[in-house]
2 protein chains.
Amino acid sequence: MSEESQISDSEDLQKRLAEVQTLLARHKLAEGLAQQQEAPPQPDDGTEEQARHQHLEELQQKLDSMHPADIAHILESLPLDERLLVWDLVKAGRDGEILLEVSDAVRETLIESMARDELLAAAETLDADELADLAPDLPRDVIQDVFQSLSVEEREQLRAAMSYPEDSVGSIMDFEMVTVREDVTLEVVLRYLRRFDELPDHTDQLFVVDREEHLKGVLPLNVLLVNDPEVEVGAVMQADFIELQPDDFAEEAAKAFERYDLVSAPVVDHDGKLVGRVTVNAVVDFIREEAESEQLAHAGLREEEDIFASVWDSVKNRWSWLAVNLVTAFVASRVIGAFEGSIEKLVALAALMPIVAGIGGNSGNQTITMIVRAIAMGQVQPDATRRLLRKELGVALINGLIWGSLLGVIAWWLYGSVKLGLVMTSAMTLNLLLAASAGVGIPLMRQRLGSDPAVGSSVMITALTDSGGFFIFLGLATLFLM
Amino acid sequence: MSEESQISDSEDLQKRLAEVQTLLARHKLAEGLAQQQEAPPQPDDGTEEQARHQHLEELQQKLDSMHPADIAHILESLPLDERLLVWDLVKAGRDGEILLEVSDAVRETLIESMARDELLAAAETLDADELADLAPDLPRDVIQDVFQSLSVEEREQLRAAMSYPEDSVGSIMDFEMVTVREDVTLEVVLRYLRRFDELPDHTDQLFVVDREEHLKGVLPLNVLLVNDPEVEVGAVMQADFIELQPDDFAEEAAKAFERYDLVSAPVVDHDGKLVGRVTVNAVVDFIREEAESEQLAHAGLREEEDIFASVWDSVKNRWSWLAVNLVTAFVASRVIGAFEGSIEKLVALAALMPIVAGIGGNSGNQTITMIVRAIAMGQVQPDATRRLLRKELGVALINGLIWGSLLGVIAWWLYGSVKLGLVMTSAMTLNLLLAASAGVGIPLMRQRLGSDPAVGSSVMITALTDSGGFFIFLGLATLFLM
């Protein structure tokens, strides 16, 4: 956190955003008036020029006092032209920090607007782990130049950070940490710390290492502070601590942070050497991003969208999901097509069939969401399949009989046919049983095959219960009513 | 974290779970064998009795060495009978901590199995803020007894903590914090801290207060440690810090923690008096729970389900969603019913209509998810409605023309009617335009009316695009093809 920047709660932030927008509007108005006047304006007309820039200067002052995360929020909330105007006013030295804070989609628009030397300058203000986050969005030649400008150690760190896959501990770790030796007293540690200007953010513990950088234990500041300064580090350090490895899944690290309420955790390589640490802020960001990308994926959005993105960018972000659904809808449509003869004879079938398919989809999604969640939490043991299936089939049977009977009675009442009502009830029950089996089976099978049970589960089950529902209902009707 | 307990990464945890299950299985086997032998067993047969209990003892030792959060995980992963067996073996002193860690559904099953005095003993090990979390699940008379056993200060804290609504800062704050005065030196602070056995968890900063407990500033441990001990607190404390209020939304606190990478933040009342603090672990839990309940709500599950819940509990958890969907499906069915005459004449309509409705639903969900998200992030300004609507209508028009034309051609090819193809294309485009308007309009209107734009948005838009899609398609077909 840079020292001069103010922090603000959400209400303040909305107020600041409104102020920025007012200043932008005034500036535009002034610009507009200036252009309406006869061109060219007299070159010595300094006062008017000054008046025109007054709003921008006020805006700049406002921005200078704001926290990078807050500026990021404001940039995200502005349409492209205003966004770039504000971006130009931001002090060059803070570009890097702000680029780290904005969403991917908005970051792209900002980077596109920057010249090469601006990008270089921004990148040079960042640490290796931050650079690694930014690198995928930077032009290749900029990265190369940045790389040249780093020290050997930083190059090594950047190379390491960039080499880990996106969901690994390596991708969320940083390299700022304070290490101490086992055989010194706490007094020595306290004196050592006083030589720092400031400790790295989120330093809640120091790492105790030997000469070869092997991690021997951790010394929480908590412990450092409550113990007698004459005591040696080795006597009070904790030897039982969470130790992450760079190629662990970040999700596992997040779970460990949650379970044990950690603020930071050391990362060691295969030889037990300390290579970095993960801090809770990186974990919070990771959890939030995971939750968001799941939410987006659920609605079929490929990635987070800049709400001011062009129509064309939005179309690209959304088309693949629509294409997949078009295919599944087409298959369902062909299933119906196969029974056109029956529908022609009894047109009530056309009105009733979407109910059977729809409720099946809803029920299947309930089951699959629960199972996927339990798998993700590690609660599903290999031998639990049969138990879960039995339970879900039980739920489906009860729901099928209750709701199916209700609909059967309604169908009977609407169309005056008991047999149609009975077909409705049976089709509903059978489709719910299908939904339950698939809801348990699809995620467990995918888990066994080693793929992520969450991805696309909802599409798969909806496709199945749609086509299956139409087939079961129209098939039963053809058998018993024709 | 209790001192004797071991912590473990996820792999370890799964291993421990497997060990527990093996011991449980062995115990059951031994019990089974004992029962098969002629009853009653000889009372002096101590060795056999001992052998039977050996597995349980081994299990108990294993449990004693585990972290409460890990025991909670194991309880959640076991079916009810085994769960209660394990629960009986857990040291009574740790009951409270573990009850805090398990999911709501599992907590209910555990509390049901406990006698009143056990519950009382468990509750007495907890802090006021923890008690407040547990209280809603405890029998009323137990709470009253617990209340009697508290000190006046704790009673006040418990009353306060329980009085805040679930999503408020008050509900996630705790009361453990270290306060210091402005006019003492850091040396004095360091000596004061050494008098603690340990500092409260997540103490990354001390709170600087005056005699009336008004918060004057914060002293990060970081600052305490790097500065000269002769300096006074007032000279190095930070006066610009996030200050929460108990009735702020917890979500706002979470956003502040994310924006400014906080570990703890003070909570003050309206007079500026320090009343508690929020720590990052409470925020992490809150974020995770929010994400989960959103995910569950999206699939129509009322609350988190114990995967080993009875069929009946599951039915209750799921029925309301199915009921809502049944109503919307019924409405859609009646829309189709109104056009039965047309379907009878041209049965192809029955096969094609679900495609129009389905793709409309998908597209509408994409739009609404994006808008709801942007509203939640505070990115949607009141004057943005028109801009967003224009963009979404543009996206819908492009998608409608592309996918609609494709389907139009397919319909023409399948049924040999150009006019049917044209109806298909127009219906698709119109339904996507309807989906886009509703996708922008529903959440913005609900925001303006002061309700949460996220809740039930998906059901509303799907209901609209289903009924709307059938109506548009069958209506156009009736107009132009009959």
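A. Examining the overall build of chain A more closely. Of the regular secondary structure elements, chain A holds 22 helices and five strands. The C-alpha atoms of chain A give a radius of gyration of 31 Å, which is well past the 23 Å a tight globule of 482 residues would have. Each of the three principal axes of chain A carries a C-alpha extent, and together these read 90 × 80 × 40 Å. Long-range contacts, defined as pairs at least 24 residues apart, comprise 69% of the intrachain contacts of chain A with a sequence gap of at least 6.

B. Representation of the interface of chain A and chain B. At the interface, 95 residues of chain A touch 95 residues of chain B. Grouping the amino acids of the side of chain A that touches chain B by side-chain chemistry returns 45 nonpolar, 27 polar and 23 charged.

C. Layout of the relation of the copies chain A and chain B. Superposing chain A onto chain B takes a rotation of 180° combined with a translation of 0.0 Å along the rotation axis, leaving an RMSD of 0.1 Å. As the rotation angle and translation indicate, the two copies are arranged about a two-fold axis. The fraction of interface residues of chain A whose copies in chain B are also interface residues reaches 99%, indicating that both copies meet through the same surface.

D. Structural context of the pairing of strand β2 (residues 205-209) of chain A. Residue and element names in this part refer to chain A. In terms of burial, β2 is largely enclosed, as five of its five residues are buried. Burial along β2 is two-sided: Q205, F207 and V209 facing one way and L206 and V208 facing the other are all buried. Relative to β2, strand β1 (residues 179-180) runs parallel, the two sharing two bridges. Considered in β2, the bridge of T179 is made with F207. Regarding the hand of the β-α-β motif, the stretch spanning β1, helix α12 (residues 186-194) and β2 is right-handed. Here β2 runs beside strand β3 (residues 215-220); their pairing, made up of five bridges, is antiparallel.

E. Seen up close, the packing of helix α20 (residues 385-415) of chain A against helix α21 (residues 418-448) of chain A. All names here are of chain A. Interhelical geometry of α20 versus α21 gives an angle of 155° and a closest axis separation of 7 Å. With respect to their mutual orientation, α20 and α21 come out roughly antiparallel. The two elements α20 and α21 cross, and the hand of that crossing is right-handed. In terms of residue class, the contact of α20 with α21 is made up of 24 nonpolar, 11 polar and one charged.

F. Quick look at the confidence of the model for chain A. Looking at chain A, the pLDDT average stands at 88 and 95% of residues meet or exceed 70. For this predicted complex, the interface score ipTM comes out at 0.83, alongside a pTM of 0.84.

G. Summary view of the domain arrangement of chain A. What the domain assignment lists for chain A is domain 1 (10-166), domain 2 (179-298) and domain 3 (311-481). A separation of 50 Å is found between the C-alpha centroids of domain 1 of chain A and domain 3 of chain A.

H. Layout of the pairing of strand β5 (residues 274-279) of chain B. Residues and elements named next belong to chain B. Burial analysis of β5 places six of its six residues in the buried class, the great majority of the element. The pairing of strand β4 (residues 264-268) with β5 spans five bridges and is antiparallel. Within the sheet, the bridge partner assigned to P266 lies in β5 and is R277.

I. The arrangement of the sheet that holds β2 of chain A in detail. Ordered in space as β1-β2-β3 (chain A), the three strands form an open sheet in which the pairing is mixed. Looking at which strands have only one partner, the edges of the open sheet turn out to be β1 and β3 of chain A.

J. How the structure looks around the environment of V180 of chain A. All names here are of chain A. Among the structural elements, V180 can be located in strand β1. Note on V180: 20 C-beta atoms within 10 Å, which makes it buried. Counting along the chain gives 53 residues from V180 to V233, while the straight-line C-alpha distance between them is 8.3 Å. Apart from residues no more than four positions distant in its own chain, V180 is found in contact with V189, Y192, L206, V208, L219 and V233.

K. Representation of helix α3 (residues 68-76) of chain B within the structure. Among the nine residues of α3 of chain B, nine are classified as buried, and the element is accordingly described as predominantly covered. The complete set of buried residues in α3 of chain B reads P68, A69, D70, I71, A72, H73, I74, L75 and E76 of chain B.

L. Geometry of helix α16 (residues 280-298) of chain A. All names here are of chain A. End to end, α16 covers 27 Å across 19 residues, agreeing with the expected 27 Å (1.5 Å per residue, within 8%). Along α16, the residues classified as buried are V280, N281, A282, V283, V284, F286, I287 and H298. In the stretch just after α16, G300 is the one whose phi turns positive, near 80°.

M. Structural context of the sheet that holds strand β2 (residues 205-209) of chain B. The sheet built from three strands is open, its strands ordered β1-β2-β3 (chain B) with mixed pairing. Single-partner strands in this sheet number two, and they are β1 (179-180) and β3 (215-220) of chain B.

N. Broad picture of unusual backbone geometry. With a phi close to 50°, D261 of chain A is a non-glycine residue in the positive phi region. Summarising the element assignment, D261 of chain A is placed in the loop between α15 (250-260) and β4 (264-268). The partly exposed category is assigned to D261 of chain A, around which 18 C-beta atoms lie within 10 Å. A positive phi angle is found at E213 of chain B, which is not glycine, with a value near 70°. Among the structural elements, E213 of chain B can be located in the loop between β2 and β3.

O. Up close: the environment of E156 of chain B. For E156 of chain B, the location among the structural elements is in helix α10 (residues 152-163). Linking E156 of chain B and A128 of chain B, residues 28 residues apart in sequence, is a C-alpha distance of 8.9 Å.

P. Quick peek at the packing of α21 of chain A against helix α22 (residues 457-481) of chain A. Residue and element names in this part refer to chain A. In the contact formed by α21 and α22, the axes pass within 9 Å of each other and the chain directions differ by 150°. By the criterion of interaxial angle, the relationship of α21 to α22 is roughly antiparallel. Handedness of the α21/α22 crossing: right-handed. Broken down by class, the residue content of the contact of α21 with α22 amounts to 18 nonpolar, seven polar and one charged.

Q. Geometry of the environment of A72 of chain A. Residue and element names in this part refer to chain A. Structurally, A72 is set in helix α3 (residues 68-76). Given 22 C-beta atoms within 10 Å, A72 falls into the buried group. With 63 residues separating them in the primary sequence, A72 and D9 have C-alpha atoms 15 Å apart. Once residues lying within four places of it in the same chain are set aside, the contact partners of A72 are I98, E101 and V102.

The rules behind these values
Residues numbered from 1 in each chain as written. Chains lettered and ligands numbered in written order. Predicted model: local features only at pLDDT ≥ 70, side-chain atom pairs only at ≥ 80, totals over all residues. Helix = DSSP H or I, 4+ residues; strand = E, 2+ residues; numbered from the N terminus. Rg over C-alpha atoms; globule rule 2.2 N^0.38 Å. Contact = placed C-beta atoms within 7 Å. Nonpolar A, V, L, I, M, F, W, Y, C, P; charged D, E, K, R; others polar. Least-squares fit on C-alpha atoms with pLDDT ≥ 70 in both. Buried ≥ 20, exposed ≤ 12 C-beta atoms within 10 Å, placed from the backbone. Pairing = 2+ DSSP bridges. Right-handed = clockwise from strand over helix to strand, strands pointing away. Axes fitted to C-alpha atoms, helices over the stretch in contact; angles between N-to-C directions. Parallel < 35°, antiparallel > 145°, perpendicular 65-115°, else oblique. Left-handed = near helix turned anticlockwise from the far one by under 90°. pLDDT = per-residue confidence, 0-100. Domains from an automatic or database assignment. Expected span 1.5 Å × (residues − 1).

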